[in-house]
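# Overview (structure and organization)
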Amino acid sequence: MRGVWAAVVLVLVGCASAPIRKADQASVMVAETRVLEGCYDCLVEAREIFERVAVGRARPILAPRLFEVHLLIGLREKELAMDAADAFARADALIPELPPTFAAARYLEVARLIPPDHVGTPRSTSTALQRQLPPAAEMIVAFKKELESGEGSAPFRAYLSASLDCVAPANRRTANAPPPFPADASPLVRYRAALCPMLRPTALEEVVAEVPSFVEAGLFRARRPTLAVTAAYVKDLRTSLTAARTRWPTGVAP
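Bear in mind that the values here come from a model prediction, so they are computed numbers and not experimental data.

Taken residue by residue, helix H11 (residues 201-210) has Leu204, Val207 and Glu210 as its buried positions. In an axial view of H11, the angular spread of the buried residues amounts to 125°, which keeps them on one side of the axis. Across from the buried face of H11, at angles greater than 90 degrees, the exposed residues are Thr202 and Ala209.

A word on helix H3 (residues 40-53). Three or four residues apart is the spacing at which side chains of an α-helix point the same way, because the helix has 3.6 residues per turn. With 14 residues, H3 should cover 20 Å at 1.5 Å per step; its first-to-last C-alpha distance of 20 Å lies within 8% of that length. When we look at burial in H3, the residues that qualify are Tyr40, Cys42, Leu43, Val44, Ala46, Arg47, Ile49, Phe50 and Val53.

What follows covers empty space enclosed by the protein. A complete count under the given rule lists one cavity of 30 Å³ or more for this structure. Put simply, the largest cavity is a space of about 50 Å³. In terms of lining, the largest cavity is formed by eleven residues, of which the most central are Val35, Arg65, Glu68, Ser153 and Pro155. For the lining of the largest cavity, the elements supplying multiple residues, two or more each, are helix H2 (22-37), helix H4 (59-79) and helix H9 (154-164). Partitioned by chemical class, the residues of the lining of the largest cavity number seven nonpolar, one polar and three charged.

Let us look at the state of the cysteines. In the structure shown here, the tally under the stated rule is two disulfides. With a sulfur-sulfur separation of 2.1 Å, cysteine 39 is cross-linked through a disulfide to cysteine 42. Its S-S torsion of about 90° marks the bond between cysteine 39 and cysteine 42 as right-handed, since a negative value means left-handed. Under the relative-accessibility criterion, cysteine 39 is labelled buried at 0%. Two residues share a disulfide in this structure: cysteine 166 and cysteine 196, whose sulfurs sit 1.8 Å from each other. On the sign convention where negative means left-handed, the S-S torsion of about 105° between cysteine 166 and cysteine 196 marks this disulfide as right-handed. Highlighted residues: cysteine 166 in the loop between H9 and helix H10 (187-193) and cysteine 196 in the loop between H10 and H11, separated in sequence by 30 residues.

Counting residues in each nonpolar core, the largest one holds 63 residues, and the members touching the most others are Phe50, Phe67, Leu71, Leu164 and Tyr191. With sequence-adjacent residues up to four places away left out, phenylalanine 50 is seen in contact with Val28, Ala31, Glu32, Val35, Leu62, Arg65, Leu66 and Val69.

Let's shift gears to the packing of H3 against H4. Each pair of packed helices gets described by two things: the angle between the helix axes and the distance between those axes. For the pair H3 and H4, interaxial distance at closest approach is 9 Å and the crossing angle is 150°. Judged by the angle between their axes, H3 and H4 are roughly antiparallel. Along this stretch, H3 crosses H4, giving a crossing that reads as left-handed. For the pair formed by H3 and H4, the contact residues are Tyr40, Leu43, Val44, Arg47, Phe50, Glu51 and Val53 on the first element and Leu62, Arg65, Leu66, Val69, His70, Leu72, Ile73, Arg76 and Glu77 on the second.

Once that is clear, we can look at the environment of alanine 91. Considering the arrangement of structural elements, one finds alanine 91 in helix H5 (residues 85-94). Between the alpha carbons of alanine 91 and alanine 104 there is a distance of 8.5 Å; along the sequence they are 13 residues apart. Once residues within four sequence positions are removed from consideration, alanine 91 is found in contact with Phe67, His70 and Leu71.

Cut-offs used in this document
Residues numbered from 1 in each chain as written. Predicted model: local features only at pLDDT ≥ 70, side-chain atom pairs only at ≥ 80, totals over all residues. Heavy atoms only, no water. Buried < 20%, exposed > 50% of the residue type's maximum accessible area, 1.4 Å probe, protein only. Helix = DSSP H or I, 4+ residues; strand = E, 2+ residues; numbered from the N terminus. Arc of directions from axis to C-beta. Expected span 1.5 Å × (residues − 1). 1 Å grid on protein atoms, 1.4 Å probe; cavity = no way out; pocket = protein on both sides within 12 Å on 5 of 7 lines; lining within 4 Å. Points joined across faces, edges and corners; volume = space filled by probe spheres on them. Nonpolar A, V, L, I, M, F, W, Y, C, P; charged D, E, K, R; others polar. Disulfide = S-S within 2.5 Å. Core = buried A, V, L, I, M, F, W, Y, C linked by side-chain atoms within 4.5 Å. Contact = heavy atoms within 4.5 Å. Axes fitted to C-alpha atoms, helices over the stretch in contact; angles between N-to-C directions. Parallel < 35°, antiparallel > 145°, perpendicular 65-115°, else oblique. Left-handed = near helix turned anticlockwise from the far one by under 90°.

Here you go:
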């Protein structure tokens, strides 16, 4: 499985390597790998690398990747009921540098549409945000259709598409709906697909096993309901919640 999504890294870096200094190509490879691994700290590390390397002749090549990372970080912060304003502002500031064919404004529109996690968001805020959502599922379907093609990396567009499954009324799907992405997708995409329209603990367990630093995947897995409250279940729950509290001591949705 790792070999499949790791091959995506080679494609992304290979397409963009020419204007990038040889000394920086290895760093870009690390950044692309970290994006596909998908954890919050992975994305932050990738952002730092892209910001450092995206200068001079490399800037036009890497600006779209930096835009994607800003948006992914903003979405993750929403998933954790954190403030995503800074990440979205950084993405917005990059739009003038991107090719006109790159639907950056549309991607940002979709990202801002995704509601924050309901558990960590005050009810009054959630209610207000729900009123701003599109009135019909057709609009969500149209967004998802647009994301099937176009500029931007496939994992990035797949992540946005999976995020839309958390938006009402698009999430009114049957409880037994199959995962929208194949099992050999990157941990980034598999994590997001495992959250909506229903929580898939097994898929999240696989993501954590593959990327141990994916603390937030463990956090959401800890929300899984159960009728069998065993000692092992409580221990696992405590481990996941403690890891999240350690990583985000100022608070994150439990």
